[in-house]
Amino acid sequence: MTDENKPLNFIQQIMSNDLKESVVNKIITRFPPEPNGYLHIGHAKSICLNFGLAEQFEGMCHLRFDDTNPEKENEEFVKSIIEDIEWLGFKWDGDIRYASDYFDQFYIWAKHLIMKNKAYVCELNSEEMKESRGTLTLPGTNSPYRDRSIDSSIQLLESMKTGNIEEGSMTLRAKIDMSSPNINLRDPVIYRIKRIPHHRAGDKWNIYPSYDFAHCLEDAIEGITHSVCTLEFSSNRPLYDWFIDNLPVPSKPRQFEFGRLNMSYSITSKRKLKLLVDAGFVDGWSDPRMLTISGLRRRGIPPIAIRNFCDSLAVAKTDGLVDLSQFEFFVRNELNKSASRAMVVINPLKVVITNLPENHSEDLSVPCHPELSLGERILPFTREIFIDESDFKKEYSKKFKKKLSLGKRVRLRNSYIVEADDYLENKKGEIIQVNVSLLPESLGEDPADGVKPKGVIHWVSADKCIDCNINLYERLFHEPIPDGNGRDFLETVEPESLKILTNCKAELSLAQAEVGKPYQFEREGYFCKDDQNSDLKKITFNQTIALRSNWLEHKD
RNA sequence: UGGGGUGUGGCCAAGCGGUUAAGGCAGCGGCUUUUGAUGCCGCCACUCGGUGGUUCGAAUCCACCCACCCCAGCCA
């Protein structure tokens, strides 16, 4: 799985060293999602990192839901997260864990801090607390409740817990240093009152632990050795260490931060993705235009492509912007290897092969892949076929040499060579039919006269095909950094990013297309059957990604 | 602005005092091809945010400066 030629990243170096010097004897990592939204490609990087590290160093990786805020969390999100991790192909060690399983222990440790005079119940409301916290340059001032007695804090915490105190009126705070240059250390909140039930803990609690208090303790309880998170938590690390140092925890985990993944023309923020979903800009969390794991799945991107992409990413402390094309490379690379080939005409134009009898029908057996033995499929070849509108033009031009024009010939992919004789137009001057003649001996052979066609085009039998819809996608945002320089990212949403084509013609074999299986529609791109808009009458295919094209109009 | 972090080609990134400054993506040129796909070949930083210094030798060490990111939720 891991490439030995690749130099170790800084976390691997630390782990390798910790093992060598017996700082730890086994690496234990964790992936700790908050169930308040769906996972996206940024999480995939973290998943691949944490699970990958555990595998590489023969350690363990836990899956733990950081469910400390019942206001935003629910079971739907828990379910989707589990589904996405499994789909990516990872298996966590032991049972699924939940921060809420440790609530009793957290409470005991909170009282422990009070007893050691390291925490106190504060009656400042949020505005007052904000004022007394100071600013980046000014130190904060001590809360008037900072020196209240230990007994009083213990009693008030108990009342907070049992639901006798109004929300927002009291908090439990760590007693650290109101003048610390690190604002996180200015008596941070440990517990806040939320008199709402928890999706797992029920109505047992009216107070819930804050992230900073809970996260390090969860890690310590589970024996996590290396708690890997993203860069924005760097200034929380001293607080992480403070709790670990001041509580009788069973182990001493350490936190390490790496740069999160940003992708051009995309949003990798759960909060902002939720905005897109809630405002109806997209078709739910699994809209194929979003880089959510479920969106990528619905779009037909193989999990291995996501993993290979994530593994190619640097684990460092720089926060860069990865070009979407870098991801697309891994998608095409995987799909080219694994996708079955098929022919689908997206904008059909009727072609009549005039030198074939009316009822001509010939079954061509053709391979499903140019190199791999993925089997064969039957292609019915008949007198009337469809080709794509863009593959015929009356006049030949050098630029158009690979396509069909009057007097010129092309190869029908997997079939015969035809030559265009004439065409029919409607009143509007649109071409509605092309008449061609077929070169009889040209199946699998070069033409007898030695004039080889320059191009190959795809086609579908007009009578023996299926109708289908095709969803074509463009990037969801028209700015490389949708939320760049203070802009509202919703304003950069591209309204035309989904194009639905309803008159497409697919080869017969695609009637049996399976959801989750990738297909290459030759000369067009990669597609998959949509799991939401396909029915027995008509299938919808989602475009995964177009084929690369080096062909430029201005050349030739 | 106090604190924390980061600056190597269009993008990502290796580099850890002595290399002609890896590699990938993108781009460009060519060959092959019954997918203008794939594959293959070639090109693409006299220079590492800037300026000084240390050294026989600096992207790597030191000093100062500049730019960008994160922290002032009872979010995570």
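Residues numbered from 1 in each chain as written. Chains lettered and ligands numbered in written order. Predicted model: local features only at pLDDT ≥ 70, side-chain atom pairs only at ≥ 80, totals over all residues. Heavy atoms only, no water.

Draft legend 1. Layout of the sheet that holds strand β5 (residues 171–174). Taken in spatial order, the 4 strands make up an open sheet running β4-β5-β6-β7, and their pairing is antiparallel. Since the sheet does not close on itself, it has two edges, and those belong to β4 (119–122) and β7 (207–209), each with one partner. Averaged over all pairs of adjacent strands, the angle between their axes in this sheet comes to 20 degrees, without regard to strand direction. By the bridge criterion, 3 bridges tie strand β6 (residues 189–193) to β7 in an arrangement that is antiparallel. (Pairing = 2+ DSSP bridges. Helix = DSSP H or I, 4+ residues; strand = E, 2+ residues; numbered from the N terminus. Axes fitted to C-alpha atoms, helices over the stretch in contact; angles between N-to-C directions.)

Draft legend 2. Focus on the protein's contact with RNA strand B. In the neighbourhood of RNA strand B, 65 residues make up the surrounding shell, with Thr137, Gly168, Arg341, Arg413 and Gln520 lying closest. When atoms of RNA strand B within 4 Å of the protein are sorted by moiety, sugar and phosphate together comprise 60%. Contact between RNA strand B and Arg341: a base oxygen at 2.3 Å from a side-chain N or O atom of the residue. Arg411 is positioned with one of its side-chain polar atoms (N or O) 3.1 Å from a base oxygen of RNA strand B. When contributions to the surface near RNA strand B are tallied by element, the ones reaching two or more residues are α5 (126–132), β6 and α12 (324–338). Here the surface near RNA strand B gets 4 residues from one element, more than from any other, and that element is α12. (Near = heavy atom within 4 Å. Polar contact = N/O pair within 3.5 Å; in protein donor to acceptor, adjacent residues only side chain to side chain.)

Draft legend 3. Structural context of the sheet that holds strand β24 (residues 498–507). The 7 strands lie next to each other as β10-β25-β26-β27-β23-β24-β11, forming an open sheet whose pairing is mixed. This sheet does not close on itself; its edge strands, each paired only once, are β10 (340–342) and β11 (344–345). Judged from the 5 bridges that link them, strand β26 (residues 525–529) and strand β27 (residues 539–546) form a sheet pairing that is antiparallel. Residue pairing in the sheet places Gly525 in a bridge with Ala546 of β27. Packed onto the sheet, α12 meets β10, β25 (519–521), β26 and β27 and runs at close to 120 degrees relative to β27. (Contact = heavy atoms within 4.5 Å.)

Draft legend 4. Summary view of the packing of helix α11 (residues 303–312) against α12. At a minimum axis separation of 9 Å, α11 and α12 run at an interaxial angle of 135 degrees. Classified by the interaxial angle, the pair formed by α11 and α12 is oblique. The two elements α11 and α12 meet at a crossing, and its hand is right-handed. Here α11 contributes Ile304, Ala305, Ile306, Asn308, Phe309 and Ser312 to the contact with α12, which in turn contributes Gln326, Phe327, Phe330, Val331 and Glu334. For the contact of α11 with α12, the residue count by class is 7 nonpolar, 3 polar and 1 charged. (Parallel < 35°, antiparallel > 145°, perpendicular 65-115°, else oblique. Left-handed = near helix turned anticlockwise from the far one by under 90°. Nonpolar A, V, L, I, M, F, W, Y, C, P; charged D, E, K, R; others polar.)

Draft legend 5. Seen up close, the pairing of strand β12 (residues 348–353). Of all 6 residues in β12, 5 are buried, a share of seventy percent or more. For β12 and strand β15 (residues 384–388), the ladder comprises 5 bridges, and the chain directions are antiparallel. Bridging across to β15, Pro348 finds its partner in Asp388. Two strands pair when backbone bridges link them, and β12 and strand β20 (residues 431–439) are joined in this way by 4 bridges, in the parallel orientation. Within the sheet, the bridge partner assigned to Val352 lies in β20 and is Asn435. (Buried < 20%, exposed > 50% of the residue type's maximum accessible area, 1.4 Å probe, protein only.)

Draft legend 6. Broad picture of the domain arrangement of chain A. Domain assignment breaks chain A into domain 1 (10–258), domain 2 (270–341 + 468–555) and domain 3 (347–458). Counting residues at the interface gives 24 residues for domain 1 and 24 residues for domain 2. In this assembly, domain 1 packs against domain 2 so that about 2,300 Å² is buried in total across both faces, 69% of it on carbon and sulfur atoms. The three residues of domain 1 that bury the most area against domain 2 are Tyr38, Ile41 and Trp87, which together make up 32% of that side's buried surface. At the junction of domain 1 with domain 2, the criterion picks out 3 salt bridges. In this structure, Glu257 and Lys317 form a salt bridge, with 3.3 Å as the shortest nitrogen-oxygen distance. (Domains from an automatic or database assignment. Buried area = accessible area lost by both parts, 1.4 Å probe. Salt bridge = Lys/Arg side-chain N within 4 Å of Asp/Glu carboxyl O.)

Draft legend 7. Local environment of the packing of aromatic side chains. For the structure on display, the rule yields 25 aromatic pairs. Aromatic side chains Tyr102 and Phe106 sit 6.2 Å apart centroid to centroid with 70 degrees between the ring planes, which places their arrangement in the edge-to-face category. Each member of the pair, Tyr102 as well as Phe106, is classed as buried. On the basis of an interplanar angle of 85 degrees and a centroid distance of 5.3 Å, the ring pair of Phe329 and Phe330 is categorised as edge-to-face. Grouping aromatic residues by their ring pairs yields a cluster made of Tyr102, Phe103, Phe106, Tyr107, Tyr191, Trp205, Tyr208, Phe213, Trp242 and Phe243. Sitting over the face of the ring of Trp87, Arg297 holds its NZ or CZ atom 5.2 Å from the ring centroid. For Arg307, the ring lying beneath its charged end belongs to Phe90, and the centroid distance is 4.0 Å. (Phe/Tyr/Trp six-rings, centres within 6.5 Å; stacked < 30°, edge-to-face > 60°. Lys NZ or Arg CZ within 6 Å of the ring centre and 35° of its normal.)

Draft legend 8. A look at unusual backbone geometry. Within the chain, Glu58 stands out as a residue other than glycine whose phi angle is a positive 55 degrees. Structurally, Glu58 is set in the loop between α2 (41–56) and β2 (60–65). In this structure, Asn414 is a non-glycine residue whose phi angle is positive, near 65 degrees. According to the relative accessible area criterion, Asn414 is partly exposed, its value standing at 22%.

Draft legend 9. Looking closely at helix α7 (residues 211–222). For α7, which comprises 12 residues, the first-to-last C-alpha distance of 16 Å matches the rise-based estimate of 16 Å (1.5 Å per residue) to within 8%. Within the span of α7, buried status applies to Asp212, Phe213, Ala214, His215, Cys216, Leu217, Glu218, Asp219, Ala220 and Glu222. Positive phi appears at Gly223, one or two residues downstream of α7, with a value of about 70 degrees. (Expected span 1.5 Å × (residues − 1).)

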